[in-house]
Amino acid sequence: MLVLVAPGQGAQTPGFLTPWLDLPGAADRVAEWSDAIKLDLARYGTTADAEEIRDTAVAQPLLVAAGLLSASALGSTSVFGAVAGHSVGEITAAAIAGVLPEEDALSFVRTRGLGMAAAAAVTETGMAAILGGDPAIVVAHLEKLGLTPANINGAGQIVAAGTMEQIEALQADKPEGSMKVVPLKVAGAFHTHHMAPAVAELEKAAEALAPADPALKYVSNKDGLVVTTGADVVARLVGQVANPVRWDLCMETFAELGVTGIIELSPGGTLTGLAKRALKGVPSVALKTPDDLEKAAALVAELTA
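The notes below deal with the structure included here. (Residues numbered from 1 in each chain as written. Predicted model: local features only at pLDDT ≥ 70, side-chain atom pairs only at ≥ 80, totals over all residues. Heavy atoms only, no water.)

As for its position among the elements, P175 is in the loop between α8 (164-172) and β6 (180-183). Once you skip the residues sitting within four places of it in the chain, P175 turns out to touch I130, V138, H141 and L170. (Helix = DSSP H or I, 4+ residues; strand = E, 2+ residues; numbered from the N terminus. Contact = heavy atoms within 4.5 Å.)

This is the structure we're talking about:
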């Protein structure tokens, strides 16, 4: 069973959208999306520097646009047994599963990005990845410092979120048994109580949506469960901005479903990296540029023959 996954914020790098815009029809689609959400996705994805695309209000729509472009370049998604996304990648996954039309997904993520950016501006907050260590010990240490285990990613990685003072305290006092603490290039303490104002914004935006039930198995990063109704998917998209991402449970579900291969949408690399450590022996392809489409097609052909 093939699983299609979409990365979250932090995966973006300057110019990463450039080669995807050369695909037939891609530039026109991005121009239409840009007009619809009043954000120049093409410029931010091609010529903007790292600091510009670190902005939450920019990064999130950019990631969803890239994910949708790369998914289209793969061809039919009917070969995939399941789809999932990490954090904002869940909106990409929702569009691919047919829960939301692409235009609604872009509009929703634009609201999400603006709302989370505004919430992050209230207090100086951030995130840091803890590599290694026993998960229970790491989580207890974070709670002692007042931090939230915002992303429990599996494969020996937990991401902490909180105020910058709390992040600095973590760097000075890392959990017993962990190898290192790596500050992340994100602009806020996502998936924590600091994002509560953004939840209220998304609740309003969700009222205008008419979600369909997923056409593919949709694995939620709230708890790793397969969600079967569009209404439940949207409710989870609203709530997840202020609640932890449990990517470890998503990977456990992939294993239970009998995953035989994973393809990660653009800008790929993060989630396939986690899968290589947590789902040993499962082949994967990360779509970084269109040059990777040939490898993805070969994997699909091998596993669906």
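Quick look at the packing of aromatic side chains now. The geometry of an aromatic ring pair is captured by two quantities: the separation of the ring centres and the angle between the planes. The tally for this structure, following the rule as stated, stands at one aromatic pair. The residue whose ring lies beneath R43 is Y44, and the NZ or CZ to ring-centre distance is 4.4 Å. (Phe/Tyr/Trp six-rings, centres within 6.5 Å; stacked < 30°, edge-to-face > 60°. Lys NZ or Arg CZ within 6 Å of the ring centre and 35° of its normal.)

Another aspect to go through is the layout of surface pockets. Here the largest pocket is characterised by a volume of approximately 680 Å³. If you trace the largest pocket, you find 32 residues lining it, with Q9, G10, A11, L184 and V186 closest to the centre. Elements with a minimum of two residues in the lining of the largest pocket: α3 (50-54), β3 (125-131), β4 (148-154), β5 (157-163), β6 and α12 (270-278). Classifying every residue of the lining of the largest pocket by side-chain character gives 15 nonpolar, 13 polar and four charged. (1 Å grid on protein atoms, 1.4 Å probe; cavity = no way out; pocket = protein on both sides within 12 Å on 5 of 7 lines; lining within 4 Å. Points joined across faces, edges and corners; volume = space filled by probe spheres on them. Nonpolar A, V, L, I, M, F, W, Y, C, P; charged D, E, K, R; others polar.)

An order of β4-β5-β3-β6 is seen for the four strands of this open sheet, with the pairing classed as antiparallel. At either margin of the open sheet sits one strand with a lone partner, and together these are β4 and β6. On average, each strand axis in the sheet is tilted by 25° relative to the strand beside it, whichever way the strands run. Two elements, β3 and β6, share four bridges in a ladder whose sense is antiparallel. Its bridge partner lying in β6, A129 is registered against V182. Contacting β3, β4 and β5, helix α7 (residues 135-144) runs over the sheet at an angle of about 5° to β5. (Pairing = 2+ DSSP bridges. Axes fitted to C-alpha atoms, helices over the stretch in contact; angles between N-to-C directions.)

Before going further, it helps to spend a moment on the side chain of S87. Among the secondary structure elements, S87 is positioned in the loop between β2 (80-85) and α5 (89-96). For S87, a relative accessible area of 9% corresponds to the buried category. Those residues in contact with S87 that lie beyond four places of it in its chain are R112, H191, N221, Q240 and V245. (Buried < 20%, exposed > 50% of the residue type's maximum accessible area, 1.4 Å probe, protein only.)

What follows is about the pattern of salt bridges. Taken as a whole and assessed by the stated rule, the structure comprises seven salt bridges. Of the charged contacts, one joins R54 and E51 as a salt bridge, the two residues approaching to 3.6 Å between their closest N and O atoms. Of this pair, R54 and E51 both sit in helix α3, separated by three residues, roughly a single helical turn. Given a relative accessible area of 28%, R54 falls into the partly exposed group. According to the relative accessible area criterion, E51 is exposed, its value standing at 52%. Between R236 and D232 there is a salt bridge, and its shortest N-O distance comes to 3.2 Å. Of the two residues, R236 and D232 both sit in helix α10 (residues 230-239), four residues apart, roughly one turn of that helix. (Salt bridge = Lys/Arg side-chain N within 4 Å of Asp/Glu carboxyl O.)

To continue, consider empty space enclosed by the protein. Per the stated rule, a full pass over the model turns up one cavity of 30 Å³ or more. Of the voids in this model, the largest cavity is the one considered here, and its volume is about 30 Å³. Of all the secondary-structure elements, those providing two or more residues to the lining of the largest cavity are α4 (56-74) and α5. Per-element tally for the lining of the largest cavity: the top contributor is α4, with three residues. Classifying every residue of the lining of the largest cavity by side-chain character gives six nonpolar, four polar and no charged.

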